[in-house]
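# Examination of the molecular architecture
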Amino acid sequence: MCMTEATASLLQVEETFSACLARIDALILKPLLQAEPSDQKGKENFKLFLLLNDRFQALWNLTEENYRILKQKCSNSESFCIQDIYTVWKGDLFLSLYIQYFVTFANYVVVHGFEHATKSKSEAWKHHKTVLKQFLTDFTSETSISLALYTVLHKPIRDHIEQYILLLTKLNEVLKEGSEKDVVTSAIKEYVKLESFISQVLDEACFTKSLWKSLGYKFTDMLCVPERRLLEDSKNLPISASTNRSDRILLFDDVLVLIQGNSFQSFDLKLVWVDENCREKSAPGLYGLRIITPEETFFFSAKDPQMKAVWQWKLNQAVRQALNGKRDFPLWGKTGEGTDPPSCRIFTYVFRLEGKFKNASYEGEWHLGKPHGKGTLKWCNGRNHVGDFKEGLEHGFGICLVPCQSEDRYDCYKCHWYEGKMRGYGICEYGNDMVYKGYFKDNVRQGFGILENLSAEHPFKYTGQWENDKKNGYGVWEDKDRGERYIGTWLDDHKHGQGIVVTQSGVCYQRTFHADKMVGSGILLLEDDSVYEGNFTEDLMFVGKGKLSFANGFILEGTFTNKSGQGLQTHGILNTSNEQLDDRITKAQLGLKEFPVEKRWKGIYDQFLEFIHSGCKEETEESFTGFHIQTSKELRKSQEYLFCQRGTEDVSWKTEDILEELVQHQGLESQQSYLEKALKSSLHPLGKLLKALMIAFQATYSGIGANRHLLTMAQEEVKYYAKKIWEFYQGLLHLALEQKGQLPAKAMDGDTSDQKACSVVLPLILPCFYPELFMLYMLYHEREDELYCQGIMDLSLFPDIKLLEFLDVQKHLWPLKDLTLTTNQRRSLIKDKCFLSATECLQKLITTVDPWEKLVILQKTYEEIESTVSRVVEKDYRLPMDDLLPLLMYVVSRAKIQHLGAEIHLIRDLMDPANKGGLYDFLLTALESCYEHIQRMRLHQRENCHTTHSS
């Protein structure tokens, strides 16, 4: 068959088919369309018949259109090519229209559409039997009209498809090997598939139709849907369900139905998983399949492995096709063809059975019948949860909205979950304007956390330990209305045990508390340096026995009373023998015995310790170490669920990278470099630990907490931070080495953990705590620094030569050459020129926070002084102590460092113990001597003035 013959044959076939379709339309479809039924069932079927008619018209129009184009080309005597065989080049369009027609036709068959149509028009259709005989050679008078209609509306069309296949097959036989032959071969395969598809669609429709006819009206009314197809029936292919839960099992293309007596259960195939490896032991000689659904799991048992295999294959293929949203083409291949459905799926489901999710709607990812992955839960009462799930429970990061019962507000939890319960770090924004940032365990606040009331009525902030959803243990409470800060222990949301209260006015006291009430005696430190030891009220009124030490050294000891309108009254003894108050009282340090440093902030350390013990799993890092995040927006962005684009810093601090890099930094300098980088990063676990400690420190010692009586508490706390950070660093390093099968290096002799913490970690973390810490030093040494500053002011009035002479600096050491004179200027009046380089060097003391760097500056100052002296005497000169002190005092007086006492004592307290007893210690002692000498000079001057005035 040549191309011209093929085209002519196609033209003839299409002409015949088009005429057939025209007769069907005129003699069958139009009469049926003219009479719309009145009953409800008939109306539903009529809508379906209208759709079938539309499909028929589309098929007819396509045939007519292509027939006209082909006929016009034949009339013009044009040459033909493969493109003119439109059944090949428009194959997809042809296939689509034929599939749509037969699917709709099958839907009409399933709902007994032809039976309903012929019943409603049975009298009118009697004369059409002769018409039907034109289409059916085997039609007899006993044939039902419904069967005749069924045959008329599908057989001519199926025959026409066979003619297409026959025509294309003949054409393919004469074509030479090449692209045209390949195209025709492919088209033949598709039309053969279409034949198979139509056959299977009609078989399924008849199979399903028979089922609806055999079932009772109750089941049919509830289950019968035009698009639904019966794929398998346990009556045809025997299989039984476990525990006698069903008499009959029906597998449809969208649901699995178990019938038991007069009731049934249906399961959406999109949420059905089939497990052939079930461990449930069936009865002897039976072969089982486990069927998993969101709320139920049951078992099918077959008598032989072949029957089990068929059911398993049909179930899996039905589930897969339901998930794809379309049937295969053709519907069924050979057994074993096709892939199994995915175990992970995305779907929406409403839970029905009793449990925590009852009546909740879940939309998201599933795995083996349980929410697993990202998803959203919504309850009818307005509660919802968005986040990660694992094996049916909230697990990972999630955001949960819980409606408040009394008001139209919500509690919003943004936190980590573990096996269905809140656990780890989170932020909760309550509906009453309070915000909690901290750790949870088993759905309650547990561990370290911050609760803040943001409302204007009674603003407060609590930073400390929680247990069983209540304030328990060590914590800091700031009452912004009263201007007070409580630092101490708690029990079940009450101040209980030892506590320190610091007020905005500067008053500070330490008492024992019981259920928020003060009990027993305490110590009250007043802003004028007076100290009261005894009992006093919440309004700080003295009551009962007590001792009041005044700032001038007088001591009043006795019984105190406070009566309304009469002021403070006392009965006791006034001791005036002391001339000044003892520093041990005026500068008393509170909280040292009551709150051992190792017992403060355990909630922070415990979380990081648990993180290390867990093996530093990356998925748990935010749960354990989340305190670098202080706003809910940051918390949401830090999660992969809501922030998929991870920054470069985030990538570089993945847990496996951290452990890998740790092993490569074991030398001292390398350790310092690594720790510096880690502590500066808000994404490294050590950086997160530092951030949490900064929050705790600021909550205690900033603002109202800046009180000189808390200096030692703060100082030892910072040292302890360094120790703990070093311990956690070592813990991470040991874990990294263990994972590589290596042993940690042995510590050097005498190289203790405390020494490492002080020499390596403390200088790195001190800048984070320096503002609050140095403020405490300034307050503690305020009086001494005031005397010192007055002495400096007095010394600054001296010109250089006069000051050198006053300080008893030997004349041969005076750098007179540095006193450059201008016109009409006398040498004796020049100021701030001698030892200028040393003065400028010492002034840099305030530019750094690191004690070691401050000591280096002090050493350079000493070297500058020696250098200047060597230049003056024109030889190398080593200053003896007798010469050094006056010269250093000169430099100190010219440097005019405002809070030198605070600087000296901060260096002394926080310097590396390894520097004690060496040159640095000697120079610091010399500086301290200068500082004290300047104070004494001013003090003597005051005393002399006082004596003169007295005389």
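A brief look at the structure comes next. (Residues numbered from 1 in each chain as written. Predicted model: local features only at pLDDT ≥ 70, side-chain atom pairs only at ≥ 80, totals over all residues. Heavy atoms only, no water.)

### Quick word on the overall build of the chain
For the chain, the helix and strand inventory stands at 28 helices and 27 strands. Residues classed as buried in the chain amount to 50% of the 951 residues present. Within the chain, contacts between residues separated by at least 24 positions form 53% of all contacts whose residues are at least 6 apart in sequence. Roughly 46600 Å² of accessible area belongs to the chain as shown, and the carbon and sulfur atoms make up 50% of that amount. (Helix = DSSP H or I, 4+ residues; strand = E, 2+ residues; numbered from the N terminus. Buried < 20%, exposed > 50% of the residue type's maximum accessible area, 1.4 Å probe, protein only. Contact = heavy atoms within 4.5 Å. Areas by Shrake-Rupley, 256 points an atom, 1.4 Å probe, with all protein chains shown as cover.)

### Quick notes on the packing of aromatic side chains
Under the criterion given, the structure shown has 55 aromatic pairs. Between Tyr349 and Phe351, the ring centres sit 5.3 Å apart and the planes meet at 90°, which makes this aromatic pair edge-to-face. Between Tyr474 and Phe595, the ring centres sit 5.5 Å apart and the planes meet at 55°, which makes this aromatic pair tilted. Taken together, the residues span a long stretch of sequence, with Tyr474 in strand 19 (residues 470–479) and Phe595 in the loop between helix 12 (583–586) and helix 13 (602–613) at a distance of 121 residues. For Tyr474, a relative accessible area of 7% gives the class buried. Here Phe595 falls in the buried class, since its relative accessible area comes to 3%. (Phe/Tyr/Trp six-rings, centres within 6.5 Å; stacked < 30°, edge-to-face > 60°.)

### Comments concerning the environment of Arg228
Within the element layout of this structure, Arg228 appears in the loop between helix 10 (217–223) and strand 1 (230–233). A C-alpha to C-alpha distance of 6.3 Å links Arg228 and Asp253, two positions 25 residues apart in sequence. If sequence neighbours within four positions are ignored, Arg228 has contacts with Val110, Thr208, Leu223, Phe252, Asp253, Asp254 and Val255. Of the polar contacts made by the side chain of Arg228, one reaches the side chain of Asp254; its length is 2.9 Å. (Polar contact = N/O pair within 3.5 Å; in protein donor to acceptor, adjacent residues only side chain to side chain.)

### What to know about the sheet that holds strand 1
In space, the 4 strands of this open sheet follow the order 1-3-4-5, with antiparallel pairing throughout. Two strands lie at the open edges of the sheet, namely strand 1 and strand 5 (263–268), each paired on one side alone. Averaged over all pairs of adjacent strands, the angle between strand axes in this sheet comes to 20°, irrespective of strand direction. Judged from the 3 bridges that link them, strand 1 and strand 3 (residues 248–252) form a sheet pairing that is antiparallel. Its bridge partner being in strand 3, Glu232 is matched across the sheet by Leu251. Of the strands in this sheet, strand 1, strand 3 and strand 4 (255–260) touch helix 11 (residues 305–324), which is tilted by about 40° from strand 3. (Pairing = 2+ DSSP bridges. Axes fitted to C-alpha atoms, helices over the stretch in contact; angles between N-to-C directions.)

### Description of helix 20 (residues 711–739)
Between the first and last C-alpha of helix 20 there are 42 Å, a value that for 29 residues agrees with the 42 Å anticipated at 1.5 Å per step. Two residues or fewer after helix 20 comes Gly741, characterised by a positive phi angle close to 75°. (Expected span 1.5 Å × (residues − 1).)

### Some words on a nonpolar patch on the surface
On the surface, Met881, Leu919 and Phe922 cluster together into a nonpolar patch covering about 240 Å² of accessible area. Turning to its location among the elements, Met881 is positioned in helix 26 (residues 881–895). With relative accessibility at 32%, the residue Met881 sits in the partly exposed group. (Patch = residues over 30% accessible without salt bridge, like charges linked within 9 Å, V, L, I, M, F, W, Y side chains within 5 Å. Salt bridge = Lys/Arg side-chain N within 4 Å of Asp/Glu carboxyl O.)

### Quick notes on the nonpolar core
With 79 residues, the main nonpolar core has Ile500, Trp601, Ile604, Leu662, Ile765, Phe769 and Leu773 as its most contacted residues. Top element by residues in this core is helix 20. It accounts for 16 residues. In contact with Ile765, other than residues within four places in its own chain, are Leu679, Leu690, Val718, Tyr721, Ala722 and Ile725. Formed by 71 residues, the second largest nonpolar core is a distinct cluster that contains Leu48, Leu59, Val88 and Ala117. (Core = buried A, V, L, I, M, F, W, Y, C linked by side-chain atoms within 4.5 Å.)

### A word on the pairing of strand 8 (residues 297–302)
For strand 8, a buried count of 5 out of 6 residues is recorded, marking the element as mostly surrounded by other parts of the structure. Alignment of strand 2 (residues 240–241) against strand 8, held across 2 bridges, turns out to be antiparallel. Of the residues in strand 8, the one forming a bridge with Ala241 is Phe300. Pairing geometry for strand 7 (residues 287–292) and strand 8, over 6 bridges, is antiparallel. Note that in strand 8 the partner of Arg290 across the bridge is Phe299. What sits between strand 7 and strand 8 in their antiparallel hairpin is a turn of 4 residues.

### Overview of helix 13
Its 12 residues give helix 13 an end-to-end C-alpha distance of 16 Å, which sits within 8% of 16 Å, the value for a rise of 1.5 Å per residue. Taken together, the buried positions of helix 13 are Gly603, Ile604, Tyr605, Gln607, Phe608, Phe611 and Ile612. Contact partners of the buried residues in helix 13: strand 16 (434–441), strand 17 (444–453), strand 18 (460–467), helix 14 (621–624), helix 19 (685–701) and helix 20. Note on helix 13: the residue one or two positions beyond its end, Gly615, has a positive phi of about 90°.

### Here we look at the environment of Val891
Summarising the element assignment, Val891 is placed in helix 26. Taking the relative accessible area as the measure of exposure, Val891 reaches 0% and is therefore buried. Linking Val891 and Ile865, residues 26 residues apart in sequence, is a C-alpha distance of 8.5 Å. If near-sequence neighbours (up to four positions away) are discounted, Val891 is found in contact with Phe835, Ala838, Thr839, Leu842, Thr861 and Ile865.

### Here we look at the sheet that holds strand 2
If you walk across this open sheet you meet the 4 strands as 2-8-7-6, and the pairing is antiparallel. The open sheet has two edge strands, strand 2 and strand 6 (273–275), and neither has a second partner. In this sheet, strand 7 lies alongside strand 6 in antiparallel orientation, the contact comprising 3 bridges. Of the residues in strand 7, the one forming a bridge with Trp273 is Ile292.

### A word on empty space enclosed by the protein
Counted according to the given criterion, the structure contains 1 cavity of 30 Å³ or more. The volume enclosed by the largest cavity comes to roughly 40 Å³. What lines the largest cavity is simply Phe608, Phe611, Ile612, Pro685, Leu686, Phe728 and Leu732. Listed by contribution, the elements that provide at least two residues to the lining of the largest cavity are helix 13, helix 19 and helix 20. The element best represented in the lining of the largest cavity is helix 13, accounting for 3 residues. (1 Å grid on protein atoms, 1.4 Å probe; cavity = no way out; pocket = protein on both sides within 12 Å on 5 of 7 lines; lining within 4 Å. Points joined across faces, edges and corners; volume = space filled by probe spheres on them.)

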